[in-house]
Amino acid sequence: MLYCTKCQTICEDSTRTCPGCKRSRGLRPIKGEDEVFFMKVHEIEAAEIEALFDEKAIRCRMEPVKGGFATSVYDPEFLPTDKNIFVEYQDLERANAVMAAEAEDPEPETDGEEDMPRRKRMVIQTVSIIAFMILVMLMVLAADSVANWLKDLLMS
Ligand SMILES: [Zn+2]
């Protein structure tokens, strides 16, 4: 495997130029301690992944995307709080395995947290539908009595 020192990515031995920056000057055979670009994540995910990697003793480094500056206010792809994660090449395979396991088996406690608001939302929805129906019935009754009152007034 080759390593591009400019964009910190790995490429096949057969490539002559880096697929990221289209340069050949930064390419060299990869070493175990080289920091490889792993993924770009949001601030909250970054904290979770950092804790996860720390637990598994995977050497990683977080860095604000583009030095913490957004290229454009309207570019939702890059928030100033986003982080680039770099993982040492010797730990890259384990990092991939940890992420794959995490994707397959989400923490059970988040399920319970999500279940409660959903049930609560359903109750609120049901209550508001019933309240709306009562309101409509009251309005119909009120309109009816006003109509009757007018009729009585005109008849007499
Ligand atoms: Zn490159």
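Note: the structure precedes this text.
Remember, predicted model here, so these are calculated numbers, not experimental data.

Visitor: Where do I start with the environment of Leu-52 in this structure?
Guide: Its place among the elements puts Leu-52 in helix α1 (residues 43-55). Residues Leu-52 and Glu-102, 50 residues apart in the sequence, show an inter-C-alpha distance of 9.4 Å. Leaving out residues up to four positions away in the same chain, Leu-52 has contacts with Val-98 and Glu-102.

Visitor: Explanation requested: the sheet that holds strand β5 (residues 60-64) in the structure shown.
Guide: Note: strands within a sheet are paired through backbone hydrogen bonds, in either parallel or antiparallel orientation. A sheet is described by the order of its strands in space; here three strands give the open sequence β4-β6-β5, paired in antiparallel fashion. Whereas interior strands pair on both sides, the edge strands pair on one side only; in this sheet they are β4 (35-41) and β5. Each neighbouring strand pair of the sheet contributes to a mean axis angle of 25 degrees, computed without reference to strand direction. Pairing between β4 and strand β6 (residues 83-88): six bridges, direction antiparallel. Its bridge partner lying in β6, Glu-35 is registered against Glu-88.

Visitor: Please explain the environment of Arg-23 as it appears in this structure.
Guide: With respect to the helices and strands, the residue Arg-23 is situated in the loop between β2 (9-11) and β3 (27-29). For the pair Arg-23 and Cys-4, spaced 19 residues apart in sequence, the C-alpha to C-alpha distance is 8.6 Å. Apart from residues no more than four positions distant in its own chain, Arg-23 is found in contact with Lys-6, Thr-17 and Cys-18.

Visitor: When you look at α1 in this model, what are you seeing that I'm missing?
Guide: For an α-helix the count is 3.6 residues per turn, leaving residues at separations of three or four pointing the same way. The end-to-end C-alpha distance of α1 is 19 Å, a good match for the 18 Å that 13 residues give at a rise of 1.5 Å each. Turning to α1, its buried residues number three or more, namely Ala-46, Ile-49 and Phe-53. Buried positions in α1, seen along its axis, are confined to an arc of 70 degrees and lie on one side of it. Among the exposed residues of α1, those pointing more than 90 degrees away from its buried face are Ile-44, Ala-51, Asp-54 and Glu-55. Among the residues trailing α1, Ala-57 stands out with phi positive, at a value near 55 degrees.

Visitor: Explain the nonpolar core to me, please; I cannot follow it from the model alone.
Guide: Ranked by size, the top nonpolar core spans 11 residues in total: Val-36, Phe-38, Ala-46, Ile-49, Phe-53, Ile-58, Cys-60, Ile-85, Val-87, Leu-92 and Ala-95. The element contributing the most residues to this core is α1, with three residues. Beyond its immediate stretch of four places on either side in the chain, Ile-85 contacts Phe-38, Met-39, Val-41, Ala-46, Ile-49, Cys-60 and Met-62.

What counts as what
- Residues numbered from 1 in each chain as written.
- Predicted model: local features only at pLDDT ≥ 70, side-chain atom pairs only at ≥ 80, totals over all residues.
- Helix = DSSP H or I, 4+ residues; strand = E, 2+ residues; numbered from the N terminus.
- Contact = placed C-beta atoms within 7 Å.
- Pairing = 2+ DSSP bridges.
- Axes fitted to C-alpha atoms, helices over the stretch in contact; angles between N-to-C directions.
- Expected span 1.5 Å × (residues − 1).
- Buried ≥ 20, exposed ≤ 12 C-beta atoms within 10 Å, placed from the backbone.
- Arc of directions from axis to C-beta.
- Core = buried A, V, L, I, M, F, W, Y, C linked by C-beta atoms within 7 Å.

In short, shape yes, function no, at least from these values alone.
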